[in-house]
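# Observations on chain architecture
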Amino acid sequence: MEYIQGIIILIGINLIAVLGLSILTGFTGLFSFGHGGFMAIGAYVCAIFVARLHQPFALAILAGALSAGLVSVVIGRLTLKLKGDYFCIATMGFGEAVRIILNNVNYVGGARGWESLPKLTTVWLTLALDLVFVVVTWNIINSRQGRNMVAAREEELAAQMAGIDVFKSKMIALVISAVFAGVAGALMAQYMQFLRPTMFNMTKSTDLTIMVIFGGLGSISGSILGTILLVSLPELFRDFAQWRLVFYGLAVIVIMVGRPQGLMGGLELTPSGIRRAVAARSARRELAAADKAEAAE
Amino acid sequence: MSGADPRPGAAQAVPVLELRGLTKRFGGLAAVNDVSFAIREGGISGLIGPNGAGKTTIFNLITGVYKVSAGSILFKGSPITDLEPYRIADLGVTRTFQNIRLFKNLSARDNVLTACHMSARYGLAEAILRLPRYRREEKALAVKADGLLEIMGLADRADLTANNLPYGLQRRLEITRALALDPTLLLLDEPAAGMNPDETEQLMLLISDIRKRFGLSVLVIEHHMDLIMGVCEHIHVLNFGCSLADGDPAVVAGDPKVVEAYLGQEDER
Ligand SMILES: Nc1ncnc2c1ncn2[C@@H]1O[C@H](COP(=O)(O)OP(=O)(O)O)[C@@H](O)[C@H]1O
Ligand SMILES: [Mg+2]
């Protein structure tokens, strides 16, 4: 039971970070390999508020999230005017920089790590926050601001010609994703009860991005499925420790070869999402039939 | 090169668009060289010239995609030179592209809906909390988008992904998306490219129809002069980045300089 709960908490924590990244990568089209850095900021700021300043957990989570958000504004100002590939490289550098800085701050344990933090993250808190974050993500994507992000991903120049401030849209997406990662980090700190800078290294950042891609870019339900599968798979294969990564890798490869757009690329598992997919399919079919009729004439 | 409008009585009115000594250099090449002309509010004007004459570059300068090297651009009398592209669009100048640029993976409806965003005012917090203004304005946006799709004859294809639309409808969708901004000035870059004469004729009729309906001013790029003679009331001709002629279609078409520039071009069609 403890074991299952642990997996649920891990899925739930990662899901919050992945939802944020889904907005940034899946919907806005910006690839990041540094969101571990924002998680780290959330985690360490939260731990400082809880363990050093003796503040309530809720306030500590908020502080962690806001700190990550503030740092992302600076990163965004420096990098979002650059073309996509540079942004990706810059985030990678940012993630590593956070890790190296934390390695050298003894106040929070430096490279050795920070032990015996209080355990405050519960399964119910995690699930409740998941629900909130799924709804928030959904509402963002289905707003004009969300559509502007998608437009920036699809065709930047055309988006500008439609009066969309592409820089601002990317900035909003980045800040949201950083705040989400900050919350995930805060929950992680108070679940693991210890922090070490390597927990938020590039592998962590890459894992998060893989979950988004695996689930399918531009799909919230895909991100949820991707997180559930990719967090639980390695845990379930823990008994075959040496085979774990092989299974994990195989699962990812099979999906990516069989369905390169990811599990759910661009589709949503909701009544209206399914209706839309069906409508598009029948319209496509009609069109093909009309074409054939025309060709036959 | 005079920017004055040749029609009597038009002189006092502020032109909707005016280019003054517009120049764009790419390295040593002057793609647009000291071009000046004005277009009258509410009309359809044509910008014509052989391939490589600098027509698309002029659109890119007007819409802020490129920074100008020299000269200025006035929209309804105020300068818009080097404003951010999205600001120019917000002011009411928008365009289509020579090589169609749709939001390819979105449905036709979402292409238009996205471009309607300026008609709503709600903030992100209101969207996240689904406050009344969000609901009300989203409903209005949907009605507006569907209305435009209907007018443009795309209603029955609204659920199709833009990618899957036939070529002619993609061009039409791009115009629909531009109309969603409630523009004052619509710039169309070779809207008839790749169409047969019948489709072109239809399209030109559609363009004059929407111009009346939405009270727009339209500037159309075309490199086959005869295609737009019928609909345009004013034509500006470019050649190698320089202005060659400006004025009434019939007069311009008879201009020996224009005839010479187009010699050997006409059979290419
Ligand atoms: N971004 C650019 N960089 C360099 N040269 C360019 C660029 N855009 C256009 N040009 C050049 O400017 C000239 C005019 O191009 P363009 O405006 O596209 O012509 P048109 O639309 O009249 O066919 C061409 O010689 C083209 O090669
Ligand atoms: Mg061109």
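Above this text sits the structure in question.
So, a few notes on the structure that sits alongside this text.

Rules and cut-offs
Residues numbered from 1 in each chain as written. Chains lettered and ligands numbered in written order. Predicted model: local features only at pLDDT ≥ 70, side-chain atom pairs only at ≥ 80, totals over all residues. Heavy atoms only, no water. Pairing = 2+ DSSP bridges. Helix = DSSP H or I, 4+ residues; strand = E, 2+ residues; numbered from the N terminus. Contact = heavy atoms within 4.5 Å. Axes fitted to C-alpha atoms, helices over the stretch in contact; angles between N-to-C directions. Donors = N, O, S within 2.8 Å, 3.2 Å for Na, K, Ca; no water. Buried < 20%, exposed > 50% of the residue type's maximum accessible area, 1.4 Å probe, protein only. Near = heavy atom within 4 Å. Polar contact = N/O pair within 3.5 Å; in protein donor to acceptor, adjacent residues only side chain to side chain. Areas by Shrake-Rupley, 256 points an atom, 1.4 Å probe, with all protein chains shown as cover. Nonpolar A, V, L, I, M, F, W, Y, C, P; charged D, E, K, R; others polar.

### Some remarks on the sheet that holds strand S4 (residues 70–75) of chain B
Residue and element names in this part refer to chain B.
- The strand order across the open sheet formed by four strands is S2-S1-S4-S5, and the pairing between neighbours is antiparallel. The sheet terminates laterally at strand S2 (29–39) and strand S5 (78–79), the two strands that pair on one side only.
- As defined by bridge partners, strand S1 (residues 17–26) adjoins S2 across seven bridges and the pair is classed as antiparallel. By the bridge assignment, Lys24 is partnered in S2 with Val32.
- Against the sheet, helix H1 (residues 55–62) touches S1, S2 and S4, its axis set at about 110° to S1.

### Thoughts on the coordination of the magnesium ion (ligand 2)
Residues and elements named next belong to chain B.
- Every protein donor of the magnesium ion (ligand 2) is listed here as Thr56 (OG1) and Gln98 (OE1), and their distances to the metal cover 2.0 to 2.1 Å. Residue Thr56 is located in helix H1, and its partner Gln98 is located in the loop between strand S6 (93–95) and helix H3 (108–115); the two are separated by 42 residues in the primary sequence.
- Relative accessible area serves as the criterion here: at 31%, Gln98 is assigned to the partly exposed category.

### A look at the site of ligand 1
Residues and elements named next belong to chain B.
- Around ligand 1, the structure places Phe26, Leu29, Ala31, Pro50, Asn51, Gly52, Ala53, Gly54, Lys55, Thr56, Thr57 and Tyr66.
- At 2.7 Å, a backbone N or O of Gly52 approaches an oxygen atom of ligand 1.
- Between ligand 1 and the protein, one listed contact pairs an oxygen atom with a backbone N or O atom of Ala53 at 3.1 Å.
- In isolation ligand 1 offers 560 Å² of accessible surface; the protein chains occlude 64% of this area.
- Among the secondary structure elements, those contributing two or more residues to the shell around ligand 1 are S2 and H1.
- Considering every element that reaches the shell around ligand 1, the biggest residue donor is H1, with three residues.
- Tallied by class, residues from the shell around ligand 1 come to six nonpolar, five polar and one charged.

Geometric descriptors of this kind do not, in isolation, establish any biological role.
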